[in-house]
Amino acid sequence: MSETALLQNYLLVGSILFALGLTGFLIRRNLIVMFLCAEMMLQGVSLSLIAWGRYHNDWSGQMLVIFIITVAACEAGIALALVLALCRKSGSLDIVNWQNVREEGRMPYIDQEVPAEAMESEAWPTLTPAGIEPATDQQELYRSNV
Amino acid sequence: MSDNLIILIPFFPLLAAILIAILGPKLLKENSHYVTVLAFAASFVCSLMLFFSVQGQVVEEGTSFESVTTLWTWAAVDNAMIDADGHSVPFLIDVTLRSDALTSIMLCMVTFIATLVAIFGAGYMHGDRGYWRFFAYVSLFVFSMTMLVSVSNFLLLFVFWEAVGLCSYLLIGFWYHKPEASAAGKKAFLVNRVGDFGFALAIFLIWINYGTLNFHDYVVDGQVIIPGVFGQMRLGGALPYVQGGMATAICLLLMLGACGKSAQFPLHVWLPDAMEGPTPVSALIHAATMVTAGVYMVTRCTPLFHASPDAQVTVACIGGFTALLAGLIALTQHDLKRVLAYSTVSQLGYMFLALGTGSLAGIVAGMFHLFTHAFFKALLFLGSGSVMHAMGNVIDMRRFGGLRHLMPWTFRTFLVGCLALAGIFPFAGFWSKDAILASVHDRAYPGAHSHDSQDSEHDADHDADQDADDHATHSVALLSADHAGSNQADSYTNIYVWLYRSACFTAFLTAFYTFRAFFLTFYGPQVIPDESGHHAHESPPMMWIPLAILAIFAFLIGFVSELDHKFAHLLTSTPSLAFAGMHDTMQPGGFHMDIAISSSIIAVLGIALAAFLYLGHQREVEAISKLKLVAPLRALSLNKFYLDEIYTWAVVKPLEFLGIIYFWLDRWLVDGLVNLIGKVPVALGSGFRYLQTGLLPFYSLSMVVAMLILLFLGQVLWGGG
Amino acid sequence: MATQIDTILFLIPEILVVVLALWVIVGGAFAPAKPFWAALSTVALIVALVLLSGQKLVAGDNGPLIVDSLGSSFRWIALLCGIALTLTSTGSGNTHSYPERLGAILFLLVGVMIVASAGNLVMLFLGLELISIPTYMLLYAGRADKASAEASTKYFFLSILSSAFMLYGFSMLYGMTGSGTFSEMQRSLATDPSPTIAGLSLLPLSFMMILAGLAFKLAAFPFHFYAPDVYQGTSSLAAGVLAVTPKLAAVVAASRLIAVIMPSQQGPFLWQVLVVASVASMTLGNVAALWQKSTRRLLAYSSIAHSGYLLIGLAAAVAAPQGSGQAGISAAVLYIMVYAAASLGVFAVLAAVLGDNDEMDDVRLLAGLGNRAPGQAFAMAVFMFSMSGIPPLAGFWGKFSLFKSALDVAFEGTNQIWFVTLVIIAALNAAIAAGYYLRVIAMMYFQDSSSEAKTTVQMGPAVAAYLCMLATLVCAFPAPLMQQADQAAAGLVAADDTGSTAKLVQVAANRR
């Protein structure tokens, strides 16, 4: 395989990674997944850079990649801290929860509402409580929402 | 010396105005009048010193004297105009003050009256909420007025012409909460606009025709660079004055300006309404000083008027007609101040009549009347102010009467004023009115008087010839123009005959209405309106002492000035009056015994008739006014010949109608368009706002789509091309 | 070849500020005393300024750095902005997180300074990230409530998206030239101006992507979406940071990219894109600002509009005939300087009069400020007048030189209709902008506030506002500033006609 063909293959994989990341970034609503998709875009870029570096027989591409990875790690740190803070405030990882700051008078985007199932007033058997009710970890309940 | 004086005279009032404007509301308050009175007194002292200095120099230097002081250059444009000869003319406006006889006389008169009025005003305005504002305005007015009479340039004259108009407006509307007062202020301002418009046009014409607006020659190193309109070059005959139609146009436009400011027909309607202002203001501005600015201006422009006999006869006619008209209106007015206001209009008409004779005697007589009139009319107005003060601001003569015992000082001084106005020997009005009648008479019947003035005329002719010899440049054209002018003027003699008759009749009217007002106010049973309350007593000394001073002057000033023809001699040394062309006309100084006697008889007759009708019961008046013949005439006079109504229907209503149309056009068409244009960005904005959903996925999608479009276009248009 | 010692010596101001930032963050954990840290960093920034002014600009190869007067101008601006921001920071946000925020600001400044003198892709990338990462933190930390969390999230995600674009652009740029150094890239592109791979032109791809990244930093259309939400949601201080520092970096990076790397004689596409983006940004920013009730949101739209103005200069620089692009860059540099002064000033005033109440930013809160805080209101009025370009204030001269550069291009070449239209639209926009700027002034001076009490004015931000006002007023005499901007731009393009080898700046320009 010639160098050019190899380069093209690498670049193709890189661009696919980039495109996948981009698509994921656009279509996913989970904050963490969105961030991971952005990371995937960066990986695509890194792969391209390395491919070009190999092609040109030059190490500055690789050098840039190292810095990209480093910076991405920093960003991951920030991102996770941020996501944690967001999650604490809204109790959810959905990005659509964060549309309160917008142009005045603009209606918020609301998901298709799932109609609440008609609750029939079922008559539950009333039993005499037996034994001890298990202790509920409130924290655990909270987490399960996430 | 006189340089400093001429600067100090307007400086003091300006300083006072600024000080009061800054410190008045918080610091000076009820003490504001001290600043004003002090400043005016200082100005008056300076004016007197200037006057004597000028008088001394006139004696030294002979016939014509002026001295100019240039403060700074206000505007300077090179090559502002190419004149008829192809020379480029610079437009140069220096702030230049001049001192000559005319200016110094005016300055003395203005500052003297202003000082007394300020003292009176301190008493009259006592307790008013706008006390400091009053004195600030009055100070500003006196500054403007002193500047008006001392500037040496048409443009600056116009500036201060407007400035006194502004002060007048401010002071007429002083009690602006009162609708009549603010309406009167507006009326004065708008009517004056008409006149000012004419004045401005006249200034444009003067600039085009003379290439300068300066009165004096612009001299650098003894070399005349720009000959002034009334500079020695032109007055000496080295340069001609514009003749013919253009001269008439300039003069008529100037006269239009003078009509506005000096309340001459047809622009006199504002002055009676201006009586809404505080009475000291009426005395100072609307009787003694500002309204005479037109007379001053026409006197200053004598050489221009001299070039146009048509304009002179127009001035005379306007003056004579206004005098008669205002006299007739004054006959029936009930309002004391209105009577005096119409009397002022009438007397100003007299002055213009005298100026319109075009003779030196007439002009001096007009200025002389201006001078004496200032004293006794200020006196009368302040007297009426004193009455008004005592009567609780009631000024309708039907509602009070018989005040002579209640207000002895006001009564006495008012009597002096009335006698002066009626023209009774030896009061001031007698001398000046006689001089006017004499000059008009001489103009109407040339050669009728062949006594003492004949010699002096010969002398004058002789002088003129000598001057002509001295000035090698004395042009033939000027002589022939003079000659032609005098020939043409002769055809107007008939008009002057009628003017003389009407002036005599007006003198009768003057005496009659003056004493009608006097008798109604001070004689008869004592009637006091309810409004007066505890005020119904003699005014405090602060108010009657200025009255007394003015009364002394109203008594003496005519006699003293006429003594040895001092006034005439001094005044004729003014450059505008002391020029070759003027020497050909009749010299002042003739005292005509026959005219004096006949006018005195007329005046006494007027007083007698007034006494007959208005002393005691007024049965005769009622009887007369019920006559079928008289009633409509009386209504005509009472309603001021319906002039206000005519103006309302002929001018105001059509303009209002146009105004309404334009308002609607502006409101709906123009504003509509502008608002529509203004709405476009806002509408655009609402569109863009729609994109700000607050949704992060939407934002990122937008960015990515934009990115993809850019990449695609980049490939096609940049890379592929 | 300069030694590494030279490079390190050159970076001493940056190193000083980094050390300071670390000290503030670490030390602040133990002694969170606001005045102390603010005073310390102000002093240190002044020291850095002194060090910076002591530097001689040595021509030649400086390793990963470019030493020229453009870079030095922007380092100056960064440090001066740093002083203003440090003073402003004392009036904003809670005390316990103050050292972190101050440290973040200091790191940001270093980022701007590094971008200003970056000579290769790594430095440029690191500089830009050094601006972004502290910004994420700053956006959140000032208020730490739901709105600021939202602001931070939006900025963070969109920023990494744009970073990814820009990096992809970098990778292609690197791929085309085989080097990460600007000078090498320029040399390589000069020999082969339109490299392709698999039928795709790489130059447009990489330039479009890099410009997209920079447009995001500028908040220019269509990458402006984050700005209104983020400004509104965050604190006054963070909004001030966001309004100025990324733009400084973007302008200097774009200038280098256009003037140094881009091969000459490209088609009209690039500047046409810039012109369209410019028109769209300024129009959108201004018309949308007319509707705003929130002060910071209004200012966000205003900053979008100003980005549009900055793009005029860049477009003129791209479209200018060979070797005469410096006029546009010079105008853009001048404009960003006066914009930075006014913008920082506005946010300093907001911080001064609103204090910790960052969630309260209704324009109506400014009502009666002319009575309640006359000094601050006057400063605000000056900034508003300057931003709307009323002569003779600084903003007018900025707009003036931008319009002039565009018109120069219009009358030199064949692109008349584009640039004349651009200038006309820009002038119309200035009129629209006056609508909302003057509304703020009218609000301050002609509306009565509900409370008559005197506003307590925070001292630090107030001083910052006065400094900015001083700068804005001094710039009413713009000659020295224009000279500086001209010099900065001239250094960039001067080498253009000397040929391929020395496009990099050779001017050992004097300091100001």
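Heads up: the structure comes first, above all this text.
Criteria and thresholds
- Residues numbered from 1 in each chain as written.
- Chains lettered and ligands numbered in written order.
- Predicted model: local features only at pLDDT ≥ 70, side-chain atom pairs only at ≥ 80, totals over all residues.
- Heavy atoms only, no water.
- Contact = heavy atoms within 4.5 Å.
- Buried area = accessible area lost by both parts, 1.4 Å probe.
- Salt bridge = Lys/Arg side-chain N within 4 Å of Asp/Glu carboxyl O.
- Polar contact = N/O pair within 3.5 Å; in protein donor to acceptor, adjacent residues only side chain to side chain.
- Pairing = 2+ DSSP bridges.
- Helix = DSSP H or I, 4+ residues; strand = E, 2+ residues; numbered from the N terminus.
- Buried < 20%, exposed > 50% of the residue type's maximum accessible area, 1.4 Å probe, protein only.
- Core = buried A, V, L, I, M, F, W, Y, C linked by side-chain atoms within 4.5 Å.
- Axes fitted to C-alpha atoms, helices over the stretch in contact; angles between N-to-C directions.
- Parallel < 35°, antiparallel > 145°, perpendicular 65-115°, else oblique.
- Nonpolar A, V, L, I, M, F, W, Y, C, P; charged D, E, K, R; others polar.

Novice: So, the interface of chain B and chain C: which residues are in play, and what are the values?
Specialist: With 28 residues of chain B at the interface, the matching set in chain C holds 41 residues. Summing both partners gives a buried area of about 3,000 Å² for chain B against chain C, and 81% of it is carried by carbon and sulfur. When residues of chain B are sorted by the area they lose upon contact with chain C, Q692, M703 and W718 of chain B head the list and together hold 28% of the total. On inspection of chain B and its partner chain C, the count reaches zero salt bridges. Counting every contact that joins chain B to chain C gives four residue pairs in polar contact (both at pLDDT 80 or more).

Novice: Let's hear about the pairing of strand β4 (residues 223–226) of chain B: which residues, and what values?
Specialist: Consecutive side chains of a regular strand alternate in pointing toward one face of the sheet and then the other. Residue and element names in this part refer to chain B. Taken together, the three bridges between strand β3 (residues 218–220) and β4 define a ladder with antiparallel strand orientation. Considered in β4, the bridge of V220 is made with Q223. From the end of β3 to the start of β4, which pair antiparallel, there are two residues, and D221 there has a positive phi angle of about 55°.

Novice: Account for the side chain of S73 of chain C, naming residues and giving values.
Specialist: With respect to the helices and strands, S73 of chain C occurs in helix α4 (residues 69–89). When near neighbours in sequence (up to four residues on either side) are disregarded, S73 of chain C contacts Q484 and A488 of chain C.

Novice: Give a detailed account of unusual backbone geometry, specifying residues and quantitative values.
Specialist: A cis amide bond, omega 5°, links F265 of chain B with the succeeding residue P266 of chain B. By the element assignment, P266 of chain B lies in the loop between α8 (244–261) and α9 (270–273). Residue P222 of chain C follows F221 of chain C across a cis peptide bond; omega there is 0°. In this structure, P222 of chain C sits in the loop between α9 (202–218) and α10 (226–233). With phi around 55°, Y642 of chain B is a residue other than glycine that occupies positive phi space.

Novice: I'd like a rundown of the side chain of T357 of chain B, residues and numbers included.
Specialist: All names here are of chain B. Within the fold, T357 resides in the loop between α14 (336–356) and α15 (360–390). For T357, a relative accessible area of 3% gives the class buried. Only 2.6 Å separates the side chain of T357 from the backbone oxygen of A354, close enough to count as a polar contact. Ignoring sequence-local partners within four residues, the contact set of T357 consists of G362, S439, V440, R443 and Y496.

Novice: Tell me about the nonpolar core, residues and numbers included.
Specialist: Residues F74 and F419 of chain C are the most contacted members of the largest nonpolar core, which totals 249 residues. Among the elements that make up this core, the one with the highest residue count is helix α14 (residues 326–354) of chain C (20 residues). Counting residues in hydrophobic clusters, the runner-up holds 203 residues, among them F160, L253, M351 and L570 of chain B.

Novice: Outline the packing of helix α11 (residues 236–261) of chain C against α14 of chain C, listing residues and values.
Specialist: Residue and element names in this part refer to chain C. Relative orientation of the contacting elements α11 and α14 amounts to 170°, with a least axis distance of 8 Å. Considering their axes alone, α11 and α14 lie roughly antiparallel with respect to each other. Counted together, S236, A239, G240, A243, V244, K247, L248, V251, S255 and A259 of α11 and I329, I336, Y339, A340, S343, L344, F347, L350 and A351 of α14 form the full contact between these two elements. Among the residues making up the contact of α11 with α14, the classes are represented as 14 nonpolar, four polar and one charged.

Novice: Residues and numbers for the interface of chain A and chain C, please.
Specialist: Of the residues lining the interface, 45 residues belong to chain A; the matching set on chain C comes to 44 residues. Both faces combined, the contact of chain A with chain C buries some 3,800 Å², and carbon together with sulfur accounts for 75% of it. Sorting the residues of chain A by area buried against chain C places W52, K89 and V101 of chain A first, and these three jointly supply 17% of that buried surface. Our count for the chain A to chain C interface comes out at two salt bridges. Summed over the shared surface of chain A and chain C, the result is nine residue pairs in polar contact (both at pLDDT 80 or more). Those elements that place two or more of their residues in the side of chain A that touches chain C are α1 (3–27), α2 (31–56) and α3 (60–90) of chain A. In terms of residues, the side of chain A that touches chain C owes the most to one element, α3 of chain A, which gives 15 residues.

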